[in-house]
Amino acid sequence: MDKKAPLGLKIIAAAKIVKGVALAGLSLGVFDLIHKDLAAVALHFVQVARISPENRYVALMLEKLGLVEPSTLKRLGELSALYAAILLVEGLGLWLGAAWAEYIVVISSGIFVPEECIATLHHFTWLRLSILILNGVILAYVVHLVWTRYKDRRASRAALGK
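This write-up is about the structure you can find in this document. Predicted model only: the values in this text are computed from it and were never measured.

Those residues of helix α2 (residues 38-48) not exposed but buried are Leu38, Ala39, Ala42 and Val46. For α2, the arc enclosing every buried residue in end-on projection is 95°, short of the 170-degree limit, so these residues lie on one face. Turned more than 90 degrees away from the buried face of α2 sit His44 and Val48, all of them exposed. Where α2 is buried, its residues meet α3 (56-65) and α4 (70-96).

Once that is clear, we can look at the layout of surface pockets. Taken as a whole, the largest pocket encloses approximately 450 Å³ of empty space. Along the walls of the largest pocket sit 18 residues, with Lys16, Lys19, Ser108, Ser109 and Asn135 positioned nearest its centre. Of all elements in the fold, only α1 (7-32), α4, α5 (99-110), α6 (113-122) and α7 (126-160) reach the threshold of two or more residues within the lining of the largest pocket. Looking at the lining of the largest pocket, its residues break down into eleven nonpolar, three polar and four charged.

A word on the pattern of salt bridges. Tallied over the full model, the rule gives five salt bridges. Residues Lys16 and Glu90 are paired through a salt bridge, measuring 3.4 Å at the closest nitrogen-oxygen approach. Of this pair, Lys16 sits in helix α1 while Glu90 sits in helix α4, and the two are 74 residues apart along the sequence. The buried category is assigned to Lys16, whose relative accessible area is 10%. A salt bridge links Asp32 to Lys36; its shortest N-O distance comes to 3.2 Å.

Analysis parameters
Residues numbered from 1 in each chain as written. Predicted model: local features only at pLDDT ≥ 70, side-chain atom pairs only at ≥ 80, totals over all residues. Heavy atoms only, no water. Buried < 20%, exposed > 50% of the residue type's maximum accessible area, 1.4 Å probe, protein only. Helix = DSSP H or I, 4+ residues; strand = E, 2+ residues; numbered from the N terminus. Arc of directions from axis to C-beta. Contact = heavy atoms within 4.5 Å. 1 Å grid on protein atoms, 1.4 Å probe; cavity = no way out; pocket = protein on both sides within 12 Å on 5 of 7 lines; lining within 4 Å. Points joined across faces, edges and corners; volume = space filled by probe spheres on them. Nonpolar A, V, L, I, M, F, W, Y, C, P; charged D, E, K, R; others polar. Salt bridge = Lys/Arg side-chain N within 4 Å of Asp/Glu carboxyl O.

Put into structure tokens, the structure is as follows:
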């Protein structure tokens, strides 16, 4: 492990850790809802928020929530917990300067860029374009950083005679 992770990687790591913790909390909340009546929980939220239950969108939401199966909630909780674990491992690895975490960030960041390009082309909005550009800049930065650090590690190994 390289203890000197650059500031950019530390920022990316912190963002991944925050997202992982938030998603883990969401996952726990989903697991808590498995054996509850979702429509009743939502109706309670609507009443606390002082939204009219007769609103057509609220009524539609309450109707649809009544159709959600416990197995669907369980699957949603499991998948969100898995993704939270991946984000946390990736973020902690980056924070600690692990080389493997840098490669995982390149793969996990780059894998969605083609899909974002297609979505932006088919349904253009300035927000989608901004997100695509931001993700492209982050990906280019991380790829450049990983490549530079890889060359530095290789040169230092060669200097040591390994």
